[in-house]
Each structure stands twice: as structure tokens, then as C-alpha cells.
Amino acid sequence: MPAAKRRRICTNDWRPLVGTTGASVIGVVSDTHGVLRPDVVDALAGVDRLIHAGDVGNGTLLPQLEQVAPVTVVRGNVDDEAWAVAWPTSATLEIHGHKLHIVHDLALIDIDPAREGFSVVIYGHSHKPAIDFRQDILYLNPGSVGPRRFRLPVSYAVLHVNRRSVRPVLHTIPPSG
């Protein structure tokens, strides 16, 4: 995608996340496919911001997430209805001096994260939670908090960000019943 079409988007006004401690906690979800689990909402209560890496699944889910924290969202391959048309396919945030790039499908990334100076690339699509480092860049897939697929866990991530570091933590939701 041309640089002119890449843009930061969130459903609330974006403000730098600089609190009294100089640190922020960012909740990261993906592939909800229209399902918002109450235990995930409870677990994310108190985060400073939420990032949704696409495949939201329906137009009513994002306003529910906004009750938890301001949300930055990118469009996934299932987000093809009118309510998602305005969402970008990628987004960029800067938090405490760290640049984060968000895209749904890592195979479709249209930039060189190292050349662009990114600290973190967040993606979804595969439903497989992952924390990888390549060229000193954190690649984070929070997995899926939507319907369980195959034998993959239901999972999300939390990023602890301060001026010196970005620390990812993956969390799994135990199967119910």
C-alpha cells in the first residue's frame, strides 16, 4: 500500500500514552470473529490502550472494546462489511518513543520494518500466538480471542512499554466447560 494510504486510526482521539510512571500497558487482541469473551474484557480492564489486529467480525464489537480503553484497529480479511470500510489495512503508533506497526496478515506487510525504524510489528490472521525477534524487532501475534479453531489456544497479549523497553506477555484463556 502506498505510504499515503497507511495511517494511524483509532475510534477515539489518539493521545500519547505518557502517564505519571512513564510506562503504558497495551492490550493486544486479534481474530475475534464477532466474539467478545467476558473473561477477556475483564482481563484487559485497566490497560491504557487496546490494539485489535483485524478480523473483528462485526460492527458491534469495537464499541464494546472502547468501553475498556481507546482502540486502534486494522481491517482483516473478514472485515468486509460497510462498518469496516474506513479501517486501514495497517496502522502505526508511537508509544514512549517506540514505533509499532499493526497489520492483519504478516504476509501482506508492505514496508521494511527495520528500514522504517519500527520496534514492534503486531499481526494476526494465523490464530497462532507468537513472540519472535528478527533484526531486533519484536514480532507479536496475540493469537485469537474469537471462536476456538483447531487445537489452538484462545489467547491475547499485553505489552508493557516504557522509554527503555517493550515487554510482551502472552496470556491464554482456559477452555470452558
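Throughout what follows, the structure given in this document is the object of discussion.

1. Digging into the overall build of the protein chain
Step number 1: A tally of regular secondary structure across the protein chain gives 3 helices and 10 strands.
Step number 2: Along the chain direction, N to C, the helices and strands of the protein chain fall in the order β-α-β-α-β-β-β-α-β-β-β-β-β.
Step number 3: Scored against the burial criterion, the 177 residues of the protein chain give a buried share of 47%.
Step number 4: The contacts of the protein chain with a sequence gap of at least 6 include a subset with a gap of at least 24, amounting to 50%.

2. Regarding the sheet that holds strand 1 (residues 23-29)
Step number 1: Taking strand neighbours across the sheet as the criterion, the 5 strands line up as 3-2-1-9-10 in an open arrangement whose pairing is mixed. Two strands in the sheet have a free side with no partner beyond their single neighbour: strand 3 (71-73) and strand 10 (166-173). Ignoring which end each strand starts from, the neighbouring axes of this sheet average 20° apart.
Step number 2: The pairing of strand 2 (residues 49-52) with strand 3 spans 3 bridges and is classified as parallel. Paired with Ile51 across the two strands is Thr72, which belongs to strand 3.

3. Considering the sheet that holds strand 5 (residues 98-103)
Step number 1: The strand order across the open sheet built from 5 strands is 4-5-6-8-7, with neighbouring strands paired in mixed fashion. Where the open sheet ends on each side, the last strands, each with one partner, are strand 4 (90-95) and strand 7 (130-134). Strand-to-strand twist in this sheet, taken as the mean axis angle between neighbours without regard to direction, amounts to 20°.

4. Concerning a nonpolar patch on the surface
Step number 1: Nonpolar side chains collect at one region of the surface, where Ile131, Phe133 and Leu170 lie side by side and expose about 260 Å² of accessible area between them.
Step number 2: Relative to the elements of secondary structure, Phe133 occurs in strand 7.

5. Some thoughts on unusual backbone geometry
Step number 1: Phi angles above zero are rare outside glycine, and Gln135 is one such case at about 50°.
Step number 2: For Gln135, the location among the structural elements is in the loop between strand 7 and strand 8 (137-141).
Step number 3: Residue class for Gln135 comes out exposed when judged on its relative accessible area of 64%.

6. A short note on the pattern of salt bridges
Pairs may arise between side chains of opposite charge once their charged atoms sit close together.
Step number 1: Evaluation of the coordinates by the stated rule reveals 1 salt bridge.
Step number 2: Residues Arg115 and Asp112 are paired through a salt bridge, measuring 3.4 Å at the closest nitrogen-oxygen approach.

7. Quick notes on the packing of aromatic side chains
Step number 1: Counted under the stated rule, the structure contains 1 aromatic pair.
Step number 2: Taking the ring centre of Phe118 as reference, the NZ or CZ of Lys99 above it sits at 4.6 Å.

Calculation rules
- Residues numbered from 1 in each chain as written.
- Predicted model: local features only at pLDDT ≥ 70, side-chain atom pairs only at ≥ 80, totals over all residues.
- Heavy atoms only, no water.
- Helix = DSSP H or I, 4+ residues; strand = E, 2+ residues; numbered from the N terminus.
- Buried < 20%, exposed > 50% of the residue type's maximum accessible area, 1.4 Å probe, protein only.
- Contact = heavy atoms within 4.5 Å.
- Pairing = 2+ DSSP bridges.
- Axes fitted to C-alpha atoms, helices over the stretch in contact; angles between N-to-C directions.
- Patch = residues over 30% accessible without salt bridge, like charges linked within 9 Å, V, L, I, M, F, W, Y side chains within 5 Å.
- Areas by Shrake-Rupley, 256 points an atom, 1.4 Å probe, with all protein chains shown as cover.
- Salt bridge = Lys/Arg side-chain N within 4 Å of Asp/Glu carboxyl O.
- Phe/Tyr/Trp six-rings, centres within 6.5 Å; stacked < 30°, edge-to-face > 60°.
- Lys NZ or Arg CZ within 6 Å of the ring centre and 35° of its normal.

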